[in-house]
Amino acid sequence: MKKEILTLKTSARTEFLPLFQKVQGILSGWGVKDGLCVFYVPHTTAGIFVNEGCDPDVIRDIQNTLDRLVPWQEGYHHIEGNSAAHIKATLVGNSRQVLVENGRLQLGRWEEIFFAEFDGPRTRQLILTFIDAK
Amino acid sequence: MKKEILTLKTSARTEFLPLFQKVQGILSGWGVKDGLCVFYVPHTTAGIFVNEGCDPDVIRDIQNTLDRLVPWQEGYHHIEGNSAAHIKATLVGNSRQVLVENGRLQLGRWEEIFFAEFDGPRTRQLILTFIDAK
Amino acid sequence: MKKEILTLKTSARTEFLPLFQKVQGILSGWGVKDGLCVFYVPHTTAGIFVNEGCDPDVIRDIQNTLDRLVPWQEGYHHIEGNSAAHIKATLVGNSRQVLVENGRLQLGRWEEIFFAEFDGPRTRQLILTFIDAK
């Protein structure tokens, strides 16, 4: 098992950071071949997902729709005032997995892996794990 | 690690295709025993999930509710006009995992695995991986 | 591969049960070291997710928001009357994975793993699997 903790800095309340290039570089550095790359977000107001990375309007539409469905203020009880971020993180999820073959993340043609900040700006961590599968 | 890419043809904009029978057949053909079966959708307007496969009204209700929450037209910015499909794919997710024991997918009594088309009809791929776990 | 089926009893229609303490005890009993802990819910009206376990108002806000987005009655077709539970389970998802290092679940500081009952009270099962990763 290989593991690395990435540090990510976000600069807005909601911000989706592409991860492919950085993660592919780490996998290449490890020299791994075939297995599963697991992305894990150890925070409760951030998530991770895979979707289109080509047209930035796609993630803008995702952000706007999440804001429409889960408004920042909506009579929440949690005293810190960031319940919307906890709820969005629950809907999107805090982990994803991508197959690695011959050392390459097997993403689809238009796919990008996004770290999803819902309560920034903050300094965040992402736990990257590689599970070897012979 | 075992891997196979399934080709799926959808015939409507929104369509959920059951996968259990086909995938169980592939696992049996491989002769695998214990491990993790990982389902990965390499598309950005389709997803995958596990839910009831018995009464077709269940997936009809899931489809209708996703359409109500994320309407096809809603002032989106993405020029291709299929932002709703990207958003639904993000909410549902593009991968799932099911335990395999003695060569059998360990689904619950009412569970079925569904490929979720949100922008069909199209020809799609599903990446099926088996991670051996002794 | 290690596996155990946990039995969980819920006492309300919607109830989120924390799992960390119980699962960590099982992992310790197994004496496992490094790998992936996979949580799998074999039901179609319950889910699993990771989010804040400190302030109970957070999960209360998550429950209320899911109820607002997916009301119990909304002209559903499924005759059993619990379509909302199927839909919530689909949105939240029925499996999660957490890294295990030196025998410890690598949760973030505020993270708790919750079994999400959406159609209780019931007696439920949770399939816990540990995938060894040397």
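Definitions and cut-offs
Residues numbered from 1 in each chain as written. Chains lettered and ligands numbered in written order. Predicted model: local features only at pLDDT ≥ 70, side-chain atom pairs only at ≥ 80, totals over all residues. Heavy atoms only, no water. Least-squares fit on C-alpha atoms with pLDDT ≥ 70 in both. Contact = heavy atoms within 4.5 Å. Buried area = accessible area lost by both parts, 1.4 Å probe. Salt bridge = Lys/Arg side-chain N within 4 Å of Asp/Glu carboxyl O. Polar contact = N/O pair within 3.5 Å; in protein donor to acceptor, adjacent residues only side chain to side chain. Helix = DSSP H or I, 4+ residues; strand = E, 2+ residues; numbered from the N terminus. Nonpolar A, V, L, I, M, F, W, Y, C, P; charged D, E, K, R; others polar. 1 Å grid on protein atoms, 1.4 Å probe; cavity = no way out; pocket = protein on both sides within 12 Å on 5 of 7 lines; lining within 4 Å. Points joined across faces, edges and corners; volume = space filled by probe spheres on them. Pairing = 2+ DSSP bridges. Axes fitted to C-alpha atoms, helices over the stretch in contact; angles between N-to-C directions.

### Quick look at the relation of the copies chain B and chain A
In the superposition of chain B on chain A (RMSD 0.0 Å, axial shift 0.0 Å), the rotation amounts to 120°. Viewed as a symmetry operation, the transformation between the two copies matches a three-fold axis. It is Leu91(B) whose C-alpha, among those of chain B, lies nearest the rotation axis, at 3.6 Å. A share of only 13% of interface residues in chain B that are also interface residues in chain A marks the association as one of differing surfaces.

### Comments concerning the interface of chain C and chain A
Across the boundary between the two partners, chain C contributes 34 residues, which contact 31 residues of chain A. Between chain C and chain A, the buried area comes to about 2600 Å², and carbon and sulfur atoms account for 57% of it. Of all residues in chain C, Asp61(C), Gln97(C) and Leu99(C) bury the most surface against chain A, accounting for 22% of the area lost on that side. Between chain C and chain A we count two salt bridges in total. The partner of Lys3(A) in a salt bridge is Glu101(C), with the nearest N and O atoms 2.4 Å apart. Counting every contact that joins chain C to chain A gives 14 residue pairs in polar contact (both at pLDDT 80 or more). Breaking the side of chain C that touches chain A down by element, the ones donating at least two residues are strand S3 (35–40), strand S4 (46–52), helix H2 (56–69), helix H3 (83–92) and strand S5 (95–101) of chain C. The dominant element in the side of chain C that touches chain A, judged by the number of residues it contributes, is H2(C), at 10 residues. For the side of chain C that touches chain A, the residue count by class is 15 nonpolar, seven polar and 12 charged.

### Considerations on the interface of chain B and chain A
The partner chain A presents 34 residues to the 31 residues of chain B that form the contact. Buried surface at the junction of chain B and chain A, summed over both partners, amounts to about 2600 Å²; 56% is from carbon and sulfur atoms. When the area that chain B buries against chain A is broken down by residue, the three leading residues are Met1(B), His77(B) and Thr90(B), summing to 25%. At the junction of chain B with chain A, the criterion picks out two salt bridges. A salt bridge links Glu74(B) to Arg68(A), with the nearest nitrogen and oxygen atoms 3.3 Å apart. Here chain B and chain A share 13 residue pairs in polar contact (both at pLDDT 80 or more) between them. Of all the secondary structure elements, the ones that give two or more residues to the side of chain B that touches chain A are strand S3 (35–40), helix H3 (83–92), strand S5 (95–101) and strand S8 (123–132) of chain B. Top element by residues in the side of chain B that touches chain A is H3(B). It accounts for six residues. Partitioned by chemical class, the residues of the side of chain B that touches chain A number 15 nonpolar, 12 polar and four charged.

### Some thoughts on empty space enclosed by the protein
Considering all chains together, one arrives at four cavities of 30 Å³ or more under this definition. Lining the largest cavity we find 19 residues, and of these Arg96(A), Ser95(B), Arg96(B), Ser95(C) and Arg96(C) sit closest to its centre. Among the secondary structure elements, those contributing two or more residues to the lining of the largest cavity are helix H3 (83–92) and strand S5 (95–101) of chain A, H3 and S5 of chain B together with H3 and S5 of chain C.

### Topic: the sheet that holds strand S2 (residues 15–18) of chain B
All names here are of chain B. Reading across the sheet, the three strands line up as S2-S7-S4 and stay open at both edges, with antiparallel pairing between neighbours. One side of each edge strand has no neighbouring strand; the edge strands of this open sheet are S2 and strand S4 (46–52). Across this sheet, the average inter-strand angle for adjacent strands is 35°, counted without regard to direction. As defined by bridge partners, S4 adjoins strand S7 (residues 111–117) across seven bridges and the pair is classed as antiparallel. The partner of Ala 46 across the bridge, within S7, is Glu 117. Relative to S4, helix H2 (residues 56–69) is tilted by about 135°, and along the sheet it contacts S2, S4 and S7.

### With respect to the relation of the copies chain C and chain A
A rotation about some axis, followed by a shift along it, carries one copy of the chain onto the other. For these two chains of identical sequence, chain C goes onto chain A by a turn of 120° and a shift of 0.0 Å along the axis, with RMSD 0.0 Å. Interface overlap between copies is the fraction of interface residues in one copy that are interface residues in the other; for chain C against chain A it is only 12%, indicating separate surfaces.

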